[in-house]
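# Structural features, examined
The primary structure of each chain is shown beneath.
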Amino acid sequence: MCGIVGYIGSKEIKHELIEGLRELEYRGYDSAGIAVMQHGNIQAFKAVGKLNNLEEKTRNFETSGPGIGIGHTRWATHGKPTELNAHPHMGQYSYVVHNGIIENYREIKSMLEGEGVHFLSQTDTEVIVHLFEKEAADAEDAEALFKAFKHTIEQLDGAYAVLLITQKAPETIFFARKGSPMIIGRNSEGEIYFASSDAPLIGKAEEVAYMEDGVIGYATPDAIHAEPDHLEFVPLSGDKLSAQKGGFRFFMEKEIYEQYQVMSDTMIGRVLDEDVAFEELSNDFLEGIERIKICACGTSYHAALTSSYLFERQARMPVNVEIASEFRYKEPLLNPDTLFIVISQSGETADTLEALRMAKEAGLKTLAICNVDNSSIVRMADTSILTRAGIEKGVASTKAFATQTMVLWMLSLFFAKRRGSVDAKTVATETSFMHQVPRVLKEALDVHEKCKRLSKRYLHGHGFFFIGRDIFYPLALEGALKLKEISYLHAEGYPAGEMKHGPIALADAELFTVALMPKTILYDKTKSNVEELSARDSTILSISPEMFELADDFILTHPHAHPMLEFFEMMVVEQLLAMEIAIRLGNDVDMPRNLAKSVTVE
Ligand code: AGP
C-alpha cells in the first residue's frame, strides 16, 4: 500500500510534494521519492527509509515559479526497499509513480528487454514508464501523448493508481486509476493536487474528486481532462487525522474494512486459476523437507495454528506449532528435514526473532511470513513471503491476521500440489474458493450494525468462552484475544469438545459463550457442546449460518461451501464484536493499555 502525490502550480514544488508525502506516512513506507519538472527539465530524488532522508537529500534543491511534480512513498511488494526500487521510476525522458500491483509486469518486462530496454529496478512499476516511451516514441503533441498513455494503461493487468510526467509535455501530469485510490483536488489559486487519500489535500484543495475505477486523463495548469468525463468535484473539509483514518473512528475499524481490498493485493499474482505461485519459492523448495515447524506469538500464533490443519490435511505434512517464547527455552529437537516457518506482522518480535535465529543456527531451512519488508525477521530468514497488508496501525491485529492466514492457505496448496498429495481438480476447486475471499470479507461487514447493537449486552459478566472445533478452535483463540486486548474483559478460547473436561464448571448465566458453529465442519458435534453449556445456563451467542434455537443471541453468517470462507467471515464478526464492546466501554481501541504494536523485548 504505497502513497502518491502530484502537484501543478507555482508554490515551491519540492515542499508541496514532501509535505503531501508526510501526510501519507500513516500508509507506511520503506522508501520515498519525488520528480519535479520546470521548463522541460526534470529533477528526481529518492531515499530509502524515513521521509527525513529524502528531505536531507533535497535540502539544497528549491524551485521558484510554475512547474509540476509527482511523489511517492513505497511499501515494498515487488523488490526490496532500495533506492533503485524507490519511485519515481524513470525512462529516457519520463517519470512514473504507481500504487498497486501490475500482474503482467513480467511479460511486459521481457518484451521490452527483448527490444533493448534496460531496467534499473526489480519493481513491477518500472514497466509503465518504458512502455509509455515505446508507445509515445512518435508522439509530439498532447493528443498523441495522451493516446500513447491510454495505450500504455490498456496493456496493464492488475491494480494501479498512476501519475506520469514526460519532458515531451512539460506542463502535463497524466493520471489513471484502477483498483487503487486516487483523488484529484483543485483550488481558486489554480493549483491542482493528486493524492492517494484526502489527508494531504486538507488545507490545500478547496474541492476534490474521488476518481472512479477506469478513469484516465491528464491535467495542465489550464485544464483537467478525464475520460470518462465525469469527475465530480465536492468541497473538501475535515481534519487530517480523521482523513488518515479514512473517516473511520479508529485505525482498527479502518483496517477491518480494508481487509477485502488488501486481500486482493495478497493474492495478486499468486492465486492463479489452477495453481498457486510464489515468486519467492522455487518448485523444488521442499526438496529434503518432510515436516514443518512454525513459531510465532499472539495473533500470528493463531494463524500458525490454523495453518497446521491445512498443511496436514492438504499437503499431508506433519506440522508442529509452538509459541516462540516457549520454544526458545525448551532445548528443542530440530531435525534437518524440517522447514522452519516464522510468522510475524511486524517482523521485530523478539521471541520470534530468537526462535528463527535458533533454527538457522541448527541449519534448518527457514521461511518468514511477514508484513514488513526489510524487518529483522525478513532479513534473517532464508526466504520470506510478504503478506502485503499495508501498514497496520491498530495494536489489535486484524488485516495482518487475515492475510497471514490466506498466505498459509495458499502455501498449503502450493506444497500439496508439488508433493502430489492433491489432484488437479482439488487445486482448481481450492483456488476457485480462494478467489471468493475478498467478496466474503466485504459481505461480512454487513453484520457491523448487529454487532454494535449486541455489544451492549456483553459489557459485564464474569467472562467469555470462545469455542470452536478444527480450524475454528484457533479462530476461537483469536476472538478471545481480540476481545481481551481491547475491552480488558476476560475471555478464553477453547476447543468446543474440551468443555466437559473442566471448563464447563464455570457455566452460569454470567458466563458468555461465543460459539463458532460453521456448517462445513463438525456442526453437529459443536452444537451438542453448545447445548451442554446452554443446559447449564451459560448465555450463548452463536455465530453460524444456521439459527441455533438454544442461542440467547445469534449472528447469522452466510452459507458457504468451504470452511475457509466460513472462517474468514466469522473472523470479521469476532473483530467487529470485540471492537464495538471496547468502544462501548470507552477504551482506546487503537492503543489499548499495557500493549505495544510490536513486542521487541522479551
Ligand atoms: C495481536 O492483536 C497482538 N497485537 C499481538 O498478539 C501480536 O499478534 C503479537 O505480539 C505478535 O506480533 P507480530 O505478529 O508482529 O510478531
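The paragraphs below set out a description of the structure included in this document.

Rules used throughout
Sequence order sets the numbering: in each chain, residues are counted from 1 along the sequence as written. Under the rules for a predicted model, residues below a pLDDT of 70 receive no local features and side-chain atom pairs below 80 are neither given nor counted, while totals for whole chains, interfaces and linings still include all residues. Water and hydrogen atoms were dropped before computing side-chain values, which therefore reflect all heavy atoms in the structure. Each helix corresponds to a stretch of at least 4 residues labelled H or I by DSSP, and each strand to a stretch of at least 2 residues labelled E; elements are numbered beginning at the N terminus. This radius of gyration counts C-alpha atoms alone. The globule rule is 2.2 Å times how many residues there are, raised to the power 0.38. Any residue under 20% of the maximum accessible area for its type is buried, any over 50% is exposed, and the rest in between are partly exposed; the area is computed with a 1.4 Å probe on protein chains only. Pairs of strands are assigned from DSSP output, requiring at least two bridges between the strands. The handedness rule is simple: strands pointing away from the viewer, and a clockwise path from the first strand over the helix to the second, make the crossover right-handed. Buried Ala, Val, Leu, Ile, Met, Phe, Trp, Tyr and Cys residues form a nonpolar core when they are joined through side-chain atoms within 4.5 Å. Residue contacts are counted whenever heavy atoms from the two residues lie within 4.5 Å of one another. By construction, the arc corresponds to the directions joining the helix axis to the C-beta atoms. Cavities and pockets were defined on a 1 Å grid built from protein atoms only: a cavity is a group of points that admits a 1.4 Å probe but offers it no way out, a pocket is an open group of points flanked by protein on both sides within 12 Å along at least five of seven lines, and a lining residue is one with an atom within 4 Å of any such point. Grid points are joined across faces, edges and corners, and a volume is the space filled by probe spheres set on the points. Proximity is defined per residue: if any heavy atom of the residue lies within 4 Å of a molecule or strand, that residue is considered near it. Two N or O atoms form a polar contact when they lie within 3.5 Å of each other; inside protein one atom must be a possible hydrogen donor and the other a possible acceptor, and for residues adjacent in sequence the pair counts only when both atoms belong to side chains. Molecule-in-pocket calls rest on the fraction of atoms, with more than half required to lie within 2 Å of the cavity or pocket grid points. Each residue is assigned to one class: nonpolar for Ala, Val, Leu, Ile, Met, Phe, Trp, Tyr, Cys and Pro, charged for Asp, Glu, Lys and Arg, and polar for all the others, Gly among them. The working definition used for a salt bridge is a side-chain nitrogen of Lys or Arg within 4 Å of a carboxyl oxygen of Asp or Glu. Fitting a line to C-alpha atoms yields each axis, with helices limited to the stretch in contact; the angle taken between N-to-C directions then spans 0 to 180 degrees. With respect to orientation, any angle under 35 degrees is reported as roughly parallel, any angle over 145 as roughly antiparallel, any angle of 65 to 115 as roughly perpendicular, and every other angle as oblique. By the definition used in this description, the sense in which the near helix is turned from the far one sets the handedness, with an anticlockwise turn below a right angle giving left-handed and a clockwise turn giving right-handed.

Once that is clear, we can look at the overall build of the protein chain. For the protein chain, the helix and strand inventory stands at 19 helices and 24 strands. A compact globule built from 602 residues would reach a C-alpha radius of gyration of about 25 Å, and the protein chain, at 25 Å, matches this within 12%. Referenced to the eigenvectors of the C-alpha coordinate spread, the extents of the protein chain come out at roughly 80 × 55 × 45 Å. A buried classification covers 61% of the 602 residues belonging to the protein chain.

The element strand β18 (residues 365–370) is extensively covered by neighbouring structure, given that five of its six residues are classed as buried. Pairing analysis gives six bridges linking strand β17 (residues 338–344) to β18, with the strands arranged parallel. Bridged to I341 within β18 is L367. For the crossover that starts at β17, traverses helix α11 (residues 350–361) and ends in the parallel β18, the hand is right-handed. As judged from the four bridges shared by β18 and strand β19 (residues 383–386), these two strands associate in the parallel manner. Along β19, the bridge assignment pairs I369 with I385.

We now examine the environment of A136. Structurally, A136 can be placed in the loop between α4 (126–135) and α5 (142–154). For A136, a relative accessible area of 0% gives the class buried. Taking the C-alpha atoms as reference points, A136 and H151, separated by 15 residues in sequence, lie 9.3 Å from one another.

Most of strand β2 (residues 31–38) sits inside the fold, with eight of its eight residues counted as buried. Both β2 and strand β3 (residues 41–48) contribute to a ladder of eight bridges, which runs antiparallel. Within the sheet, the bridge partner assigned to A32 lies in β3 and is A47. Between β2 and β3, which pair antiparallel in sequence order, lie two residues; one of them, H39, sits at a positive phi of approximately 50 degrees. Pairing analysis gives seven bridges linking β2 to strand β4 (residues 67–74), with the strands arranged antiparallel. Residue I34 lies in a different strand from β4, and its bridge partner there is G71.

Membership of the largest hydrophobic core comes to 92 residues, with the highest contact counts inside it found for I341, L411, F415 and F568. Take this core: its biggest share by element is 14 residues, from helix α19 (residues 563–584). For I341, the contacting residues outside a window of four places in its chain are I292, K293, I294, C295, F311, L367, I369 and L411. Core analysis: the second largest hydrophobic core is formed by 27 residues, Y93, I102, A148 and F174 among them.

Turning our eyes to something else, we now look at the sheet that holds strand β1 (residues 3–9). Within the open sheet, the eight strands sit side by side as β3-β2-β4-β1-β10-β9-β11-β14. Their pairing is antiparallel. Looking along the sheet, the strands with just one partner apiece sit at the ends: β3 and β14 (234–235).

Where helix α3 (residues 105–114) is concerned, the buried positions are Y105, I108, K109 and L112. Buried residues in α3, looked at end-on, bunch into an arc of 100 degrees, giving them a common side. Two residues or fewer after α3 comes G116, characterised by a positive phi angle close to 95 degrees.

This part is about the layout of surface pockets. Roughly 870 Å³ of volume is contained in the largest pocket. If you go around the largest pocket, you meet 34 residues; those closest to its centre are R177, G179, S180, P181 and Q261. Of all the secondary structure elements, the ones that give two or more residues to the lining of the largest pocket are β6 (94–102), β7 (158–166), β8 (173–178), α6 (240–244), α7 (251–257) and α8 (259–267). Here the lining of the largest pocket takes five residues from α8, the largest share from any one element.

Around the ligand sit 15 residues, and of these S300, S344, S346, T349 and E485 come closest. Interatomic distance of 2.7 Å between a side-chain N/O atom of S346 and an oxygen atom of the ligand. Between the ligand and T349 there is a distance of 2.5 Å, counted from an oxygen atom to a side-chain nitrogen or oxygen. Structurally, the ligand is housed in the second largest pocket. Elements represented by at least two residues in the shell around the ligand include exactly α9 (298–315) and α17 (472–487). The residue makeup of the shell around the ligand, split by class, is five nonpolar, eight polar and two charged.

Within the secondary structure, T383 is located in strand β19. Sequence-distant contacts of T383, defined by excluding residues within four places in its chain, comprise E280, L281, F285, T366, L367 and A368.

What follows is about empty space enclosed by the protein. Scanning the model with the defined rule gives five cavities of 30 Å³ or more in all. Empty space within the largest cavity amounts to approximately 130 Å³. What lines the largest cavity is a set of 16 residues, among which C2, W75, T77, G100 and D124 lie closest to the centre. No other element matches β6, which puts four residues into the lining of the largest cavity. Taken together, the residues that form the lining of the largest cavity break down as five nonpolar, eight polar and three charged.

Here the focus is the pattern of salt bridges. Taken as a whole and judged by the stated rule, the model has 34 salt bridges. E258 is paired through a salt bridge with K254; the nearest N and O atoms lie 3.3 Å apart. There is no split in this pair, since E258 and K254 are both buried. Of the charged contacts, one joins E361 and R357 as a salt bridge, the two residues approaching to 2.5 Å between their closest N and O atoms. Here the residue E361 and the residue R357 both occupy positions in helix α11, the gap between them amounting to four residues, near one helical turn. The exposure class of E361 is exposed, given its relative accessible area of 64%. R357 gets classed as partly exposed once you look at its relative accessible area, which sits at 31%.

Now for the packing of helix α16 (residues 448–455) against α19. At a closest axis distance of 8 Å, the pairing of α16 and α19 adopts a crossing angle of 40 degrees. By the angle class used here, α16 and α19 are oblique. Between α16 and α19 lies a crossing whose hand is right-handed. Across the interface between the two elements, H448, C451, K452, R453 and S455 of α16 pack against V573, L576, L577, M579, E580, I581 and R584 of α19. Taken together, the residues that form the contact of α16 with α19 break down as six nonpolar, two polar and four charged.

This next bit is on the environment of E531. Topologically, E531 is positioned in helix α18 (residues 523–535). You can call E531 partly exposed: its relative accessible area is 30%. In this structure E531 touches F548, E549 and L550, once residues within four positions along its chain are discounted.

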